[in-house]
Amino acid sequence: MVLRYPLFLGIGIPVVAVAIGLLHFLKNKRAYKGGIKAANTKIVKELPEYKRIKLIRIIVTVLMELSLGISLISSLYLMARPSKIETVNNGVKKRDIFLCMDVSYSIYELNGSLVDNLEDVVKGLDGDRFGISIFNTSTVLYVPMTDDYDFVIQKLEEIKEYFALQKEYNEKFGDYEYMYEIPEDELEDYYAMRDKLDYYDSGTLVNNMTKGSSLIGEGLASCMYSFPHIDDAERTRIIIMSTDNDQQERSAPLVELSEAASICSKNNVVVFGIFPNKESFSSGQNIGDYDTELNAFKTAVEGTGGKFYKESESLTVKDIVNDIQHEEAMEVDEIVVRKAMDQPKVPVIVLFISLVIFFSLGVMLVI
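For clarity, every value in this text was computed on a predicted model and none was experimentally measured. (Residues numbered from 1 in each chain as written. Predicted model: local features only at pLDDT ≥ 70, side-chain atom pairs only at ≥ 80, totals over all residues. Heavy atoms only, no water.)

Draft legend 1. Region of interest: the overall build of the protein chain. Counting its regular elements, the protein chain contains 13 helices and 11 strands. The burial tally for the protein chain puts 37% of its 367 residues in the buried class. Within the structure as shown, the protein chain displays about 21,800 Å² of accessible surface, and the carbon and sulfur contribution to it stands at 57%. (Helix = DSSP H or I, 4+ residues; strand = E, 2+ residues; numbered from the N terminus. Buried < 20%, exposed > 50% of the residue type's maximum accessible area, 1.4 Å probe, protein only. Areas by Shrake-Rupley, 256 points an atom, 1.4 Å probe, with all protein chains shown as cover.)

Draft legend 2. A look at the packing of helix H4 (residues 108–123) against helix H5 (residues 149–173). The contact between H4 and H5 brings their axes to 9 Å, and the two run at 165°. Here H4 is positioned roughly antiparallel relative to H5, judged by the angle of their axes. Here the hand of the crossing between H4 and H5 comes out left-handed. Each of Tyr108, Glu109, Asn111, Gly112, Val115, Asp116, Leu118, Glu119, Val122 and Lys123 in H4 lies in contact with H5, whose residues at this interface are Tyr149, Val152, Ile153, Leu156, Glu157, Ile159, Lys160, Phe163, Gln166, Lys167 and Asn170. (Axes fitted to C-alpha atoms, helices over the stretch in contact; angles between N-to-C directions. Parallel < 35°, antiparallel > 145°, perpendicular 65-115°, else oblique. Left-handed = near helix turned anticlockwise from the far one by under 90°. Contact = heavy atoms within 4.5 Å.)

Draft legend 3. Structural view of a nonpolar patch on the surface. A contiguous nonpolar patch, built from Leu55, Ile59, Leu63, Leu66, Ile70, Val346 and Val350 and spanning about 600 Å² of accessible area, is present on the exposed surface. Looking at the nonpolar patch, the elements with two or more residues in it are helix H3 (48–79) and helix H13 (345–366). A total of 5 residues in the nonpolar patch trace back to one element, the largest contributor, which is H3. Inspection of the secondary structure assignment puts Ile70 in helix H3. (Patch = residues over 30% accessible without salt bridge, like charges linked within 9 Å, V, L, I, M, F, W, Y side chains within 5 Å. Salt bridge = Lys/Arg side-chain N within 4 Å of Asp/Glu carboxyl O.)

Draft legend 4. Spotlight on the packing of aromatic side chains. Counted by the stated rule, this structure contains 15 aromatic pairs. Look at Tyr142 and Tyr200: their rings are 6.2 Å apart centre to centre, the planes differ by 50°, and that puts the pair in the tilted class. With Tyr142 in strand E5 (residues 139–146) and Tyr200 in helix H6 (residues 184–204), the pair connects residues that are 58 residues apart, well separated along the chain. With respect to class, Tyr142 is no different from Tyr200; both count as buried. The structure contains a cluster of three or more aromatic residues connected by ring pairs, namely Tyr105, Tyr169, Phe173, Tyr190 and Tyr191. (Phe/Tyr/Trp six-rings, centres within 6.5 Å; stacked < 30°, edge-to-face > 60°.)

Draft legend 5. Fine view of empty space enclosed by the protein. Evaluation of the coordinates by the stated rule reveals 1 cavity of 30 Å³ or more. Here the largest cavity is characterised by a volume of approximately 90 Å³. Arg95, Ile97, Leu118, Val121, Phe130, Ile238, Ile240, Val321, Ile324 and Gln325 together form the lining of the largest cavity. Where the lining of the largest cavity is concerned, the elements lending two or more residues are strand E3 (95–102), H4, strand E7 (236–242) and helix H12 (317–325). Among the elements that take part in the lining of the largest cavity, H12 stands out by supplying 3 residues, more than any other. (1 Å grid on protein atoms, 1.4 Å probe; cavity = no way out; pocket = protein on both sides within 12 Å on 5 of 7 lines; lining within 4 Å. Points joined across faces, edges and corners; volume = space filled by probe spheres on them.)

Draft legend 6. Inspection of the sheet that holds E5 at higher detail. On the basis of which strands lie adjacent, the open sheet formed by 6 strands has the order E5-E4-E3-E7-E9-E10 and mixed pairing. The open sheet has two edge strands with one neighbour each: E5 and strand E10 (308–310). Averaged over all pairs of adjacent strands, the angle between their axes in this sheet comes to 15°, without regard to strand direction. Sheet topology places E3 next to E7; 7 bridges connect them, and they run parallel. Residue pairing across strands places Cys100 opposite Met241, the latter belonging to E7. In this fold H12 packs onto E3, E7, strand E9 (269–275) and E10, with an angle of close to 165° to the strand it touches most, E10. (Pairing = 2+ DSSP bridges.)

Draft legend 7. Looking closely at the nonpolar core. Ranked by size, the top nonpolar core spans 43 residues in total, and within it Leu99, Met101, Phe130, Ile132 and Ile159 carry the most contacts. When residues of this core are assigned to their parent elements, the largest contribution, 10 residues, is made by H5. Among residues more than four places away in sequence, those in contact with Ile159 are Met101, Val115, Ile134, Tyr142 and Tyr200. Grouped together as the second largest cluster of nonpolar side chains are 27 residues, Phe98, Cys100, Phe227 and Val271 included. (Core = buried A, V, L, I, M, F, W, Y, C linked by side-chain atoms within 4.5 Å.)

Draft legend 8. Quick look at the pairing of strand E4 (residues 129–135). Of all 7 residues making up E4, 6 are buried, and the element is well covered by its neighbours. Note: E3 against E4, 7 bridges, orientation parallel. Bridge pairing in E4 places Met101 opposite Ile134. The parallel pair E3 and E4, bridged by H4, forms a crossover whose chirality is right-handed. Bridge analysis of E4 against E5 gives 5 bridges, and the strand direction is antiparallel. (Right-handed = clockwise from strand over helix to strand, strands pointing away.)

Just distances and angles here, no functional claims.
This is the structure:
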């Protein structure tokens with residue numbers, strides 16, 4: 001325990017001591033200055049009841065002076081700012097990890113499984129920062145880069161519900177090409193699901209009618225530029241990207257996948273790509289060729305120095321996440337900070353108790 005401003009005690013205590021001594025001196029010097037004197041007071045003073053009352057008054061007065069003195073010293077102690085010096089080790093800076101997900105309805109199973117497995121990874125992070133970016137036509141920075149792991153897990157839980165809802169929607173209404181084909185008794189359920197889905201879709205489908213959907217290059221580039229201080233070379237930056245690479249543009253995208261991968265490489269951002277299996281790809285609303293899209297995505301990912309993964313029976317999403325998790329983080333100098341933490345609890349309690357005693361005894365004297 002240290003005092004930040006010990007001068008308050010150094011000056012305050014002598015001043016309080018001198019003031020109390022001076023009051024006692026003046027009290028003892030008080031003399032009779034006229035008036036009517038009572039006769040035969042000696043007899044009264046010899047009475048046991050008088051002596052008892054006088055003793056009580058002396059004790060109460062002493063206790064009042066003592067409690068007042070303690071309260072003054074406690075106040076001075078608080079003004080001196082009692083503190084505890086803590087050495088805070090900010091640890092070694094590690095990784096900045098962005099989860100970048102194509103949220104088109106064709107890969108909800110892959111996304112759901114990825115989010116489910118990443119929850120355990122986030123719970124085990126220590127020093128790493130994590131963010132989430134989702135895209136279709138446009139990109140939404142769903143979780144900015146943060147080390148608030150509880151918040152990240154909360155948002156992962158929320159978006160997992162979104163993918164579960166995508167699946168339910170596809171199973172119930174995916175076969176209907178037009179809305180008028182939906183039976184009347186299912187319309188209420190349809191509108192309820194659409195309201196929930198639109199919460200996410202509205203942000204990721206900006207200008208969808210003119211630009212198209214699943215703009216992979218724009219999604220990756222937007223995520224890459226969401227890293228804070230991208231020019232800081234002392235960070236290991238990773239993007240975990242899930243997509244089927246089935247771009248369905250209606251006009252030329254601002255950035256193609258190969259260009260986005262090149263930008264990542266120039267900025268030392270490593271991409272780990274996760275691609276769905278052939279069965280999932282074929283069961284979606286995909287228009288591209290599986291092998292063509294796979295190879296293009298694989299080339300782009302590996303061009304950043306990252307790894308490409310294809311979900312299969314022998315390589316599950318859990319295996320992929322475990323492999324990514326073991327990637328080494330860049331280490332930099334440790335940051336040690338000394339912080340002074342105020343410790344007012346004890347003097348505040350002492351001050352409160354001494355004031356309560358002082359005023360209680362004062363009331364006793366009046367009564």
